[in-house]
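# Inside the fold
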There are 2 protein chains.
Amino acid sequence: VKAADHLNRLSAQLGRLPGVGRRTAERMAFRIARDPEGLLADLTEALRNVAEQVRCCSRCGSITTVREDPCPVCADARRDGSVLCVVEDASDILAIEASGGYAGRYHALLGKLSPGGNSGPADIRLEELIRRVDAESVSEVVLALNTDVESEATCGYIRERLKEHAVRVSRLAAGLPAGSGIMYTDSVTLARAMRGRQAM
Amino acid sequence: VKAADHLNRLSAQLGRLPGVGRRTAERMAFRIARDPEGLLADLTEALRNVAEQVRCCSRCGSITTVREDPCPVCADARRDGSVLCVVEDASDILAIEASGGYAGRYHALLGKLSPGGNSGPADIRLEELIRRVDAESVSEVVLALNTDVESEATCGYIRERLKEHAVRVSRLAAGLPAGSGIMYTDSVTLARAMRGRQAM
């Protein structure tokens, strides 16, 4: 086997990471092979550490450690279990936690519906959501998905699926992001902000 | 240690890869932790394989396998050892080999001079180049570095350093890339192509 074949195997794996195209993956593989300041060993060690220590919470799908399942948020009795915030990814949970504006529990879908990208209802943690809504007597589901087309469609689908269940469904407000200017805001955002204008 | 700390350690390592900013590294770490279709194990295995099998050629700095040092190009007696093509990275060697337009040997600097990025002459394989020029009776050094400012400065520095040595120094032609249009070509490229215009 030639050296380039070993690097190709590595860049094929790197290409599975989000935002990494073929050329970028190749550059990464070469950089790793050049191994500046122990990069290869450090990266391998960090991966091994994640493999050993990090798990998905079996209840909410967020990240947690092997020793804490369910995760600290799920296990925290002070959290309001009647409100369930649905997100696409575990990273979204950390962002919402950092905002400090939410005291309920979470449910990460770990994906979204994508007709083109062959991700259907069975590929995301949707049945788990339905089960939790019933089993945990949830009174409100807050959809905190992204605002691209597929995420919006996923919201619509979940809304439909929850019609039969005794639960309110809400979604995050659409409108102007903080610190932005009207003239720099895209027209879809502006139209939604106008439609959702609030009395003050 | 919280799960997020494990991910932060991983994203710090991912952030050392070329073209990976802090946000991208975070997204990558979360994707790896979610571990779709065995990504974590596959990536770790590919890294282990590179660590075990791939080395830098002790002569030219290109990538090679543990069993082949010097690398196949350095060891190939049919290559013209009187011409030495100097590149920044091992990946450049593969690109030039793929072009089929070169039959000499290579020398990878594995970097370039970068006053701001604290990379000086001792941080690249420059002394190795000087030694090879003398030891291997090289008659021509072809500089095939990139065309950004730091690479150009590195070319100038190498040119100076080789003044005392009995060797011709050339560089790749500057001009229009194949398949491009005049109106889409930046003005620096156009000026260089005009200055270097060739009789036909």
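Quick summary incoming for the structure in this document.

What counts as what
Residues numbered from 1 in each chain as written. Chains lettered and ligands numbered in written order. Predicted model: local features only at pLDDT ≥ 70, side-chain atom pairs only at ≥ 80, totals over all residues. Heavy atoms only, no water. 1 Å grid on protein atoms, 1.4 Å probe; cavity = no way out; pocket = protein on both sides within 12 Å on 5 of 7 lines; lining within 4 Å. Points joined across faces, edges and corners; volume = space filled by probe spheres on them. Helix = DSSP H or I, 4+ residues; strand = E, 2+ residues; numbered from the N terminus. Nonpolar A, V, L, I, M, F, W, Y, C, P; charged D, E, K, R; others polar. Pairing = 2+ DSSP bridges. Axes fitted to C-alpha atoms, helices over the stretch in contact; angles between N-to-C directions. Contact = heavy atoms within 4.5 Å. Least-squares fit on C-alpha atoms with pLDDT ≥ 70 in both. Salt bridge = Lys/Arg side-chain N within 4 Å of Asp/Glu carboxyl O. Buried < 20%, exposed > 50% of the residue type's maximum accessible area, 1.4 Å probe, protein only. Core = buried A, V, L, I, M, F, W, Y, C linked by side-chain atoms within 4.5 Å.

## Some remarks on the layout of surface pockets
- A volume near 1,100 Å³ is recorded for the largest pocket.
- What lines the largest pocket is a set of 37 residues, among which Arg-31 and Arg-34 of chain A together with Asp-89, Leu-110 and Gly-111 of chain B lie closest to the centre.
- At the level of elements, helix 1 (3–14) and helix 2 (22–34) of chain A together with helix 5 (90–99) of chain B are the ones that each hand at least two residues to the lining of the largest pocket.
- Partitioning the lining of the largest pocket into residue classes produces 14 nonpolar, nine polar and 14 charged.

## Focus on the sheet that holds strand 6 (residues 168–171) of chain B
Residue and element names in this part refer to chain B.
- Strand order in the open sheet formed by four strands is 4-3-5-6, with parallel pairing between adjacent strands. Because the sheet does not close on itself, it has two edges, and the strands there are strand 4 (104–108) and strand 6. For this sheet, the mean inter-axis angle between neighbouring strands, taken without regard to orientation, is 25 degrees.
- As judged from the four bridges shared by strand 5 (residues 140–143) and strand 6, these two strands associate in the parallel manner. Bridged to Val-141 within strand 6 is Val-169.
- Along the sheet, helix 6 (residues 126–135) contacts strand 3 (80–87), strand 4 and strand 5; its crossing angle with strand 4, the most-contacted strand, is approximately 155 degrees.
- Packing against the sheet, helix 7 (residues 149–161) makes contact with strand 3, strand 5 and strand 6, and its axis sits at approximately 170 degrees to strand 6.

## Quick notes on the relation of the copies chain B and chain A
- Of the transformation placing chain B onto chain A, the axial shift is 0.0 Å and the rotation is 180 degrees, giving an RMSD of 0.0 Å. Classification of the inter-copy transformation places it as that of a two-fold axis. The C-alpha atom lying nearest the rotation axis in chain B is that of Thr-44 of chain B; the distance is 3.1 Å.
- Here 100% of the interface residues in chain B have copies in chain A that are interface residues too; the copies meet face to matching face.

## What about the pattern of salt bridges?
- Overall, the coordinates contain 32 salt bridges over all chains when judged by the stated rule.
- With a closest N to O distance of 2.7 Å, Glu-152 of chain A and Arg-171 of chain A form a salt bridge. Of this pair, Glu-152 of chain A sits in helix 7 (residues 149–161) while Arg-171 of chain A sits in strand 6 (residues 168–171), and the two are 19 residues apart along the sequence.
- The partner of Arg-168 of chain B in a salt bridge is Glu-140 of chain B, with the nearest N and O atoms 3.8 Å apart. Taken together, the residues Arg-168 of chain B in strand 6 and Glu-140 of chain B in strand 5 connect sequence positions 28 residues apart.
- Looking at Arg-168 of chain B, the relative accessible area reads 53%, which means it is exposed.
- For Glu-140 of chain B, a relative accessible area of 18% translates into the label buried.
- Residues participating in the shared-partner salt-bridge network are Arg-9 of chain A together with Glu-45, Arg-48 and Glu-52 of chain B.

## Here we look at the sheet that holds strand 5 (residues 140–143) of chain A
All names here are of chain A.
- Taken in spatial order, the four strands line up as 4-3-5-6 in an open sheet, and their pairing is parallel. The open sheet has two free edges, formed respectively by strand 4 (104–108) and strand 6, since each of these has just one partner strand. Each adjacent strand pair in this sheet contributes to an overall mean axis angle of 25 degrees, direction not counted.
- Strand contacts of helix 6 (residues 126–135): strand 3 (80–87), strand 4 and strand 5, with the helix running at about 155 degrees to strand 4, the strand carrying the most contacts.

## Notes on the nonpolar core
- In terms of nonpolar packing, the biggest core is built from 42 residues, with Leu-10, Leu-14 and Ile-32 of chain A together with Leu-10, Leu-14 and Ile-32 of chain B touching the most fellow members.
- Breaking this core down by element, the ones donating at least two residues are helix 1, helix 2 and helix 3 (39–53) of chain A together with helix 1 (3–14), helix 2 (22–34) and helix 3 (39–53) of chain B.
- Leave out the neighbours within four places in its chain, and Ile-32 of chain B touches Leu-17 and Leu-47 of chain A together with Leu-10, Leu-14, Leu-39, Leu-40 and Leu-43 of chain B.
- Of all hydrophobic cores here, the second largest spans 18 residues; its members include Ile-130, Val-133, Leu-145 and Val-167 of chain B.

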